[in-house]
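# Working through the structure, step by step
Listed here are the chains, written in short residue letters.
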Amino acid sequence: MKKFINEVGNVEKEMIQGILKAYPDKIDVIDSEGTFVRKEKNDNKVAVISGGGSGHEPSFAGYVGKGMLDAAVAGAIYTSPAADRIYEAIKAVATSKGVLMIPMNYTGDIMNFEMAAEMAQMEGVITDMVVTNDDVAVDNSLYTVGRRGVAGTVLVHKVAGAMAETGASLDEVKAVAERANSNVRTMGVAINPSTIPAAGKPGFVLGDDEMEFGIGIHGEPGVRKEKLKSANEIVDMLLEKILDDLDYTGSEVALMVNGSGGTPLMELYLINNYAHDVLKNKGISVYKTFVGNYMTSIEQEGFSLTLLKLDGQLKELLDAPCDTAAMKI
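Residues numbered from 1 in each chain as written. Predicted model: local features only at pLDDT ≥ 70, side-chain atom pairs only at ≥ 80, totals over all residues. Heavy atoms only, no water.

## What to know about the overall build of the chain
- Scanning the chain for helices and strands turns up eight helices and 14 strands.
- The globule rule puts the C-alpha radius of gyration for 329 residues at 20 Å, and the 19 Å found for the chain is close to it.
- By sequence separation, contacts in the chain at least 24 residues apart represent 73% of the contacts at least 6 residues apart.
- Split by element, the accessible area of the chain, about 13,500 Å² in all, is 50% carbon and sulfur.
- Side chains of the chain give 31 positive and 46 negative charges; the mean places of these two sets differ by 3 Å. (Helix = DSSP H or I, 4+ residues; strand = E, 2+ residues; numbered from the N terminus. Rg over C-alpha atoms; globule rule 2.2 N^0.38 Å. Contact = heavy atoms within 4.5 Å. Areas by Shrake-Rupley, 256 points an atom, 1.4 Å probe, with all protein chains shown as cover. Lys, Arg positive; Asp, Glu negative; His and termini not counted. Charge placed at Lys NZ, Arg CZ, Asp CG, Glu CD.)

This is how it looks when you write it as structure tokens:
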């Protein structure tokens, strides 16, 4: 294993300190384990929080700030944050308008966010939750009951954060998050796996002519191995799976081409080029495009495609200003 690290046991701690030193004007931390909060609290809005295992950077700390998340709780690499830390995050950002939690659909995350909410509610904090589950690759996995939350989660965070910034009620912010979640779909592929530092070996093994189709974000294998194909052929495969799951015909969409951490931007732009052409030929209009590393899996070489079906309100919320380390509009 070759990585730019020091002691394996200090990777997360040193990363957390590096994030704080990079963005002192946007992010603060309330513990040494990575409970990130918005630098300037806004008491006149619903607080929106999320979190999950480390290794997905810039998710989730990178989306803490005006127009997106008020707090993000990081666990160890690919591991859910503990309930007591989520509880402390809720307390730190809670307002009289309430707190909306938007975790991804992984068993540990859901259990710990629900426990934290129960603790907060006993102290009079109003909470609610929307669980993202945009992955069309699998209905169940080692980590989930139901579909996994993957890169589409970032778009749900964006619209929910923008809605909260307007001063909307908790019910209104939740409704927007639920509508986005029900209209977003993601499918991914990888040609090389990630290696968790503490494990010291890749999560799966691929031959030089193989790829994993339907990968998750925790270094797990996909739903099947395939012979490596051209970028255009892979885009066709991913979009076919997405479009078979939800009818986007005649719709305006947001398209996210998300890198898994080890894929060059050159290749992501190449993929985006063809994805736009395919969608146009299918009568689907791309309103807004996101290309880059938004929800990664350490250094995995791979990418995912996400489509979010838009309506007038969701378009406005996607376009609304936000100012975070990883997204600025």
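The structure having been displayed, the exposition proceeds.
## A closer look at the sheet that holds strand S9 (residues 210–213)
- Within the open sheet, the six strands sit side by side as S10-S9-S8-S13-S11-S12. Their pairing is mixed. Across the chains shown, the open sheet's two edge strands, defined by having one partner strand only, are strand S10 (224–227) and strand S12 (285–292). Each strand of the sheet is rotated relative to its neighbour by a mean of 20°, with strand direction disregarded.
- In the sheet, strand S11 (residues 252–259) pairs with strand S13 (residues 301–309) via seven bridges, with the strands oriented antiparallel. Bridge assignment links Leu 255 to a residue of S13, and that residue is Leu 307.
- Against the sheet, helix H5 (residues 170–182) makes contact with strand S8 (184–192) and S13, and its axis sits at roughly 55° relative to S8, the strand it touches most. (Pairing = 2+ DSSP bridges. Axes fitted to C-alpha atoms, helices over the stretch in contact; angles between N-to-C directions.)

## Describing the nonpolar core
- Counting 52 residues, the largest nonpolar core has Phe 36 and Val 173 as the members making the most contacts within it.
- At the level of secondary structure, the elements contributing two or more residues to this core comprise helix H1 (11–22), strand S1 (27–29), strand S5 (71–77), helix H4 (152–165), H5, S11 and helix H8 (312–319).
- It is H4 that provides the largest number of residues to this core, a total of eight residues.
- Other than its neighbours up to four places away in sequence, Phe 36 contacts Ile 16, Ile 19, Leu 20, Ile 27, Asp 28, Val 29, Ala 61, Val 64, Asp 70, Ala 71, Ala 72 and Ala 74.
- With 29 residues, the next largest nonpolar core counts Val 136, Ala 137, Phe 213 and Leu 238 among its residues. (Core = buried A, V, L, I, M, F, W, Y, C linked by side-chain atoms within 4.5 Å. Buried < 20%, exposed > 50% of the residue type's maximum accessible area, 1.4 Å probe, protein only.)

## Observations concerning the packing of aromatic side chains
- Tallying each qualifying case throughout the model produces one aromatic pair.
- Ring geometry for Phe 290 and Tyr 294: centres 6.1 Å apart, planes at 85°, overall edge-to-face.
- The buried category is assigned to Phe 290, whose relative accessible area is 6%.
- Above the plane of the ring of Tyr 248 lies Lys 309, whose end atom (NZ or CZ) is 5.7 Å from the centre.
- For Lys 315, the ring lying beneath its charged end belongs to Tyr 287, and the centroid distance is 4.6 Å. (Phe/Tyr/Trp six-rings, centres within 6.5 Å; stacked < 30°, edge-to-face > 60°. Lys NZ or Arg CZ within 6 Å of the ring centre and 35° of its normal.)

## Let's talk about the environment of Glu 316
- Considering the arrangement of structural elements, one finds Glu 316 in helix H8.
- In this structure, the C-alpha to C-alpha distance between Glu 316 and Met 163, residues 153 residues apart in sequence, is 9.5 Å.

## A word on the packing of H4 against H5
- Running from N to C, H4 and H5 cross one another at 160°; their axes reach a closest spacing of 9 Å. Here H4 is positioned roughly antiparallel relative to H5, judged by the angle of their axes. Where H4 crosses over H5, the two elements pack in a sense that is right-handed. Only Glu 172, Val 173, Val 176, Ala 177, Ala 180 and Asn 181 of H5 make contact with H4, whose side of the interface consists of Val 156, Val 159, Ala 160, Met 163 and Ala 164.
- A per-class count over the contact of H4 with H5 returns nine nonpolar, one polar and one charged. (Parallel < 35°, antiparallel > 145°, perpendicular 65-115°, else oblique. Left-handed = near helix turned anticlockwise from the far one by under 90°. Nonpolar A, V, L, I, M, F, W, Y, C, P; charged D, E, K, R; others polar.)

## Side note on the sheet that holds strand S3 (residues 47–54)
- One open sheet holds the six strands; their spatial order is S1-S2-S5-S3-S6-S7, and the pairing between them is mixed. On the outer flanks of this sheet lie S1 and strand S7 (127–129), each paired with one strand and no other. Across the sheet, the axes of successive neighbouring strands diverge by a mean angle of 25°, strand direction being ignored.
- Helix H2 (residues 83–93) rests against strand S2 (35–38), S3, S5, strand S6 (99–101) and S7 of the sheet, and its axis sits at about 165° to S5.
- Across the sheet, helix H3 (residues 107–121) is in contact with S3, S6 and S7; its angle to S7 comes to roughly 165°.

## Notes on the pairing of S3
- Counting buried positions over the eight residues of S3 gives eight, a clear majority of the element.
- Bridge analysis of S3 against S6 gives three bridges, and the strand direction is parallel. Bridge pairing in S6 links Val 48 to Leu 100.
- As paired elements, S3 and S5 share six bridges and run parallel to each other. Note on S5: the bridge partner recorded for Gly 51 is Val 73.

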